[in-house]
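# Summary of the model geometry
Spelled out, the chains give:
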Amino acid sequence: AQSVTQLDSQVPVFEEAPVELRCNYSSSVSVYLFWYVQYPNQGLQLLLKYLSGSTLVKGINGFEAEFNKSQTSFHLRKPSVHISDTAEYFCAVIPTGGGNKLTFGTGTQLKVEL
Amino acid sequence: EAQVTQNPRYLITVTGKKLTVTCSQNMNHEYMSWYRQDPGLGLRQIYYSMNVEVTDKGDVPEGYKVSRKEKRNFPLILESPSPNQTSLYFCASSLSRGVPNTEAFFGQGTRLTVV
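Residues numbered from 1 in each chain as written. Chains lettered and ligands numbered in written order. Predicted model: local features only at pLDDT ≥ 70, side-chain atom pairs only at ≥ 80, totals over all residues. Heavy atoms only, no water.

### Quick notes on the interface of chain B and chain A
Taken together, the 26 residues of chain B in the interface contact 22 residues of chain A. There are one salt bridge connecting chain B and chain A. Classifying every residue of the side of chain B that touches chain A by side-chain character gives 11 nonpolar, 11 polar and four charged. (Contact = heavy atoms within 4.5 Å. Salt bridge = Lys/Arg side-chain N within 4 Å of Asp/Glu carboxyl O. Nonpolar A, V, L, I, M, F, W, Y, C, P; charged D, E, K, R; others polar.)

### Points about the nonpolar core
Trp35(A), Phe74(A), Leu76(A) and Tyr89(A) are the most contacted members of the largest nonpolar core, which totals 28 residues. When contributions to this core are tallied by element, the ones reaching two or more residues are β2 (10-14), β3 (19-21), β5 (31-38), β6 (44-50), β8 (64-68), β9 (73-78), β10 (87-95) and β12 (108-113) of chain A. In this view, Leu76(A) contacts Val19(A), Glu20(A), Leu21(A), Trp35(A), Leu47(A), Leu48(A), Phe63(A), Glu64(A), Ala65(A) and Tyr89(A); residues no more than four positions away in its chain are not counted. Listed in part, the 19 residues of the second largest apolar core include Val4(B), Met32(B), Tyr47(B) and Val114(B). (Core = buried A, V, L, I, M, F, W, Y, C linked by side-chain atoms within 4.5 Å. Buried < 20%, exposed > 50% of the residue type's maximum accessible area, 1.4 Å probe, protein only. Helix = DSSP H or I, 4+ residues; strand = E, 2+ residues; numbered from the N terminus.)

### A closer look at the pairing of strand β4 (residues 31-38) of chain B
Residues and elements named next belong to chain B. With eight of eight residues buried, β4 lies mostly within the body of the structure. Side chains Tyr-31, Ser-33, Tyr-35 and Gln-37 of β4 all project onto a buried face; the interleaved residues Met-32, Trp-34, Arg-36 and Asp-38 project onto the opposite face, where all are buried too. Of the strand pairs in this sheet, β4 and strand β9 (residues 87-94) are connected by seven bridges, and their pairing is antiparallel. From the neighbouring strand, Ser-33 faces β9, where its bridge partner is Ala-92. In this sheet, strand β5 (residues 42-51) lies alongside β4 in antiparallel orientation, the contact comprising seven bridges. What sits directly across from Asp-38, in β5, is Gly-42. Between β4 and β5, which pair antiparallel and follow one another directly, the connecting turn spans three residues, one of which, Gly-40, has a positive phi of 80 degrees. (Pairing = 2+ DSSP bridges.)

So far we have only geometry, and geometry alone does not tell us how the molecule works.
Below, the structure written as structure tokens:
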């Protein structure tokens, strides 16, 4: 079984400041890793994913994440946030051996303030 | 446009009154699933379907039913809703298992209140 931990339920940050949203996972098998974003009153959309290869992956809207296998982490970063980045962010995993079931973390609410 | 469509978006109902939330996708995806989202718990899978007529329980299936008679549709049925099923529900679809480039597409969500 897999589990995903997002320790920060809320992260307030000022506009144009950098931000890091933390994600750690636990799994007995190797996994693919994802970050999804949920804007207010909308469904989730894929921000970025790590399947294999380079551990630094870039996504939409200037976000990037780095896979660290030894620390079982997949932290999301953005060097300069905008008001429009205010949303809830979910980290998720799927086993590489097959299956489509996403196991989600509990989410981090990013609030960007002026 | 690729999309997953859920209806209704908002629903208030009374305890025990059967209801159905519809979900339809236009991407010819084989895998579809239902999640519920609750504060502090993230998204939890209710049921999933790997193809037509193939469904199985997720992590929190109690009180729910599903059917998959056509590839594009995957309705969620609450035979006798209770207040603890008040939640935000999402339908999602993706390509079949074993495809590494798996991206799930989500509907807009259905906010259900059971009084």
